[in-house]
Every structure is written in structure tokens, then in C-alpha cells.
Amino acid sequence: MQENNGLSGNLPALRETIEKELGALQNVKELYEFKNVYLEGKKSKISELMKEMRNLAPEERADYGKSVNALKEWALERFAEMEKKLRERELLQRYEREKIDITIPAQPIRTGNLHPVTLVRNQMIDIFTGMGFEIYEGSEIETDYYNFTALNTPQDHPARDMQDTFYVSPEFLLRTQTSAGQIHVMEKKRPPIKILSPGKVFRSDDDATHSPMFSQMEGLVVDRGITLSDLKGMLDVLVQKVYGEGTTTRLRPSYFPFTEPSVEVDCSCFACGGKGCSLCKGTGWIEVLGAGVVNKRVLENCGIDSEEYSGFAFGIGLERTAMLKYGINNIKLLFQSDLRVLRQLNG
Ligand code: DAH
């Protein structure tokens, strides 16, 4: 007669099944399902075996219970071993899947670059602040008084025709020149004055070298004994830094209502060194800015004693400077934000 109604005989078979199934498991998820079926829960195979106990004669129960427990212990141990093995395997698979080949050349990341006008602007701010200039940023909407009248350009003055103006109202306009900032500064500050005023200006003007909106940089120095030669010395430093060592300047007589005398400043052609080329149209010189000795009337308009003080002023077009420096022949290229152009310019 078989012991325990033959129940103990089931145990080796179950052990064999467990061993076989364990060996076939592919991952931890399957292992846990397996654990559920065989070991855990009220309906697991081992629990079912335990329940059988009540069908046994009392004297058989102890042995049977021990055998089932031994099977359970064994299964738990095997389960733990298997879990370790499967976890290791899964980790290796994951390493394989997520492996990064650090020898593969990286995808180049394109970094942005500053706009040529910003580069020129920053460079000039650097140069002038290095010479002790303070930055004054005026406003883009001005009154007729600051933009023209105080700059010695009253209503009926012919020089007003030099700049086609956008009027916002009879009194207010979009400033046509950063020179308007000179007046604000001189009204508020007493000499010594040394300011640089960068900003946008507006004129009804539109062709390959003119845009209705462009940028200027105004410089103003007022103190005792300031002369045109101070201006010349400073301009020489400026053009050398912007266009390269060996660049020099020359002054040509010109006319601006707010300066007397007024000059047009040329620099020696940095493309041909002054021999004459297409950039300088064969002259060896390139016009770079307007300047002059501050007109006494402008000083007086701001309450500065023109007998005691004198000054010089200059105004530089930033787009024009960028065009010269980077060899751009159409101002529109600076406003179109065409990445192909901008990338080349910063190459
Ligand atoms: N404001 C002038 C213009 O826009 C440029 C200029 C010329 C500014 C001479 C000055 C100057 O300060 O002295 O054409």
C-alpha cells in the first residue's frame, strides 16, 4: 500500500515539473507568474498540497507536511537562484541594448552666432568704454526739438532735407539720428562729458545701401580745450581696432548744422592698403563717419558756456561699418535673417 494515499508520490513529480519550468523561464516577470502558480497564494500548487493534509490519517500528516515543506523550501531556494540569474541576464541584455559607442563621432551642434551689426556694435562699445566713454541710450521717439531744433536745425533749415523724417505727430517723430541724445545729455550733465549713444534711427530712405531703420552710434566729448585733433587721435585708434592695424584716417570738410567745422572722416582702404581697388573705388579711401567740433550754438542751447567749453561729436552708421568690414554689398542682407548669409559672416 502506498503511504499517504499516494500523496507523497506526487512530490517528486512536482519537483521535476518545477525544475523543468524554471529552466524555461525567460525573464523575471515570467518567474513571478511561476511563483504565483506554484508557491504563493491560496490556490498555488504547494498550498493545494498542504490542504490535502486534512485527508490524511493523523499519523501520516507529520511526514507528509515535512515533505511538502521541504519541497517548498527547495522551490523557494531555486526561485531565488533563478531570480538572481534572470536579473543578471536582463541587466546584460539591457547593457547590450543601451550600449553607447563613444567612439562614434558626435553630431555637430550648431551654435548660434551674433549678428554682424551686433558684433560691430559690441566691438565699438568695447573700444569706447575702454577710452572712458559712458553709454547713453536715448529713446527712439523724439520731439522735433531734440532731433532738429536744438541741434541747430530749425524748422525752415535746408539741412532738414538731408534726412527724410517719419513724423508720428506734428511734434513727435522717429529720431533720424542718435545726435538727439547729445542734447539730452548736455541738458542734464555738466562737462566733462564723454558719452557714446548707440541706437536705432529711422529715415524714409530705401535702396541697396539705405534702410528705413538702421543703427548709429553717436559720440560726444565736451570739456575745456577740446579740439579737432583730439577727435583725429581718437578716430585713428578706432579705425585701427575696427579695420586693422595700419589703417589711418583723413578728414574732409563737410557740413552738419550741429558741428562747426564739420568733417567727413575717411579711413585708408583696408582692402588694398590705399593703392586703389573696387572697394574704395580706386581712391584708396573709404568714407566711414561724420564728425566735427560741436557748434557753439548747440552748447548754448543746452546751457553750456561755449567760451569755457568746447567739444567734438561724431556719428557712425553701424550697418555701413558691418558692410565694409564683412564685405556685404546690400544692406538688406543684414535684415533678412537668412541663416546661410549669417553663418558665412561669422564663419
Ligand atoms: N547725425 C549725422 C547723420 O546722421 C551724423 C553725424 C555727423 C553725427 C557729424 C555727429 C556729427 O555727431 O558730429 O548723418
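Residues numbered from 1 in each chain as written. Predicted model: local features only at pLDDT ≥ 70, side-chain atom pairs only at ≥ 80, totals over all residues. Heavy atoms only, no water.

1. Regarding a negative patch on the surface
Together, Asp161, Asp164, Asp205 and Asp207 line one region of the surface with negative charge. Here Asp161 falls in the exposed class, since its relative accessible area comes to 65%. (Patch = residues over 30% accessible without salt bridge, like charges linked within 9 Å, V, L, I, M, F, W, Y side chains within 5 Å. Areas by Shrake-Rupley, 256 points an atom, 1.4 Å probe, with all protein chains shown as cover. Salt bridge = Lys/Arg side-chain N within 4 Å of Asp/Glu carboxyl O. Lys, Arg positive; Asp, Glu negative; His and termini not counted. Charge placed at Lys NZ, Arg CZ, Asp CG, Glu CD. Buried < 20%, exposed > 50% of the residue type's maximum accessible area, 1.4 Å probe, protein only.)

2. Thoughts on the packing of aromatic side chains
In total, this model carries nine aromatic pairs according to the counting rule given. Ring centres 5.7 Å apart and planes at 90° place the aromatic pair Tyr32 and Phe79 in the edge-to-face group. With Tyr32 in helix 2 (residues 28-38) and Phe79 in helix 4 (residues 58-97), this pair connects stretches of sequence that are 47 residues apart. The class of Phe79 is buried, set by a relative accessible area of 4%. (Phe/Tyr/Trp six-rings, centres within 6.5 Å; stacked < 30°, edge-to-face > 60°. Helix = DSSP H or I, 4+ residues; strand = E, 2+ residues; numbered from the N terminus.)

3. Topic: the side chain of Ser197
Within the fold, Ser197 resides in strand 4 (residues 193-202). From its side chain, Ser197 meets the backbone oxygen of Tyr136 in a polar contact 2.6 Å long. Aside from chain neighbours lying at most four places away, what touches Ser197 is Tyr136, Glu137, Gly138, Thr178, Gln216, Met217 and Glu218. (Polar contact = N/O pair within 3.5 Å; in protein donor to acceptor, adjacent residues only side chain to side chain. Contact = heavy atoms within 4.5 Å.)

4. Some thoughts on the site of the ligand
Neighbouring the ligand are 16 residues, the closest being Gln177, Ser179, Arg203, Gln216 and Glu218. Within the backbone of Ala313, an N or O atom sits 3.1 Å from an oxygen atom of the ligand. Between the ligand and Phe314, the relevant distance is 3.3 Å, taken from an oxygen atom to a main-chain nitrogen or oxygen of the residue. Taking a 2 Å distance to the grid points as the criterion, the majority of the atoms of the ligand fall inside the largest pocket. Partitioning the shell around the ligand into residue classes produces five nonpolar, nine polar and two charged. (Near = heavy atom within 4 Å. 1 Å grid on protein atoms, 1.4 Å probe; cavity = no way out; pocket = protein on both sides within 12 Å on 5 of 7 lines; lining within 4 Å. Sits in = over half its atoms within 2 Å of the grid points. Nonpolar A, V, L, I, M, F, W, Y, C, P; charged D, E, K, R; others polar.)

Keep in mind these values describe shape, not function.
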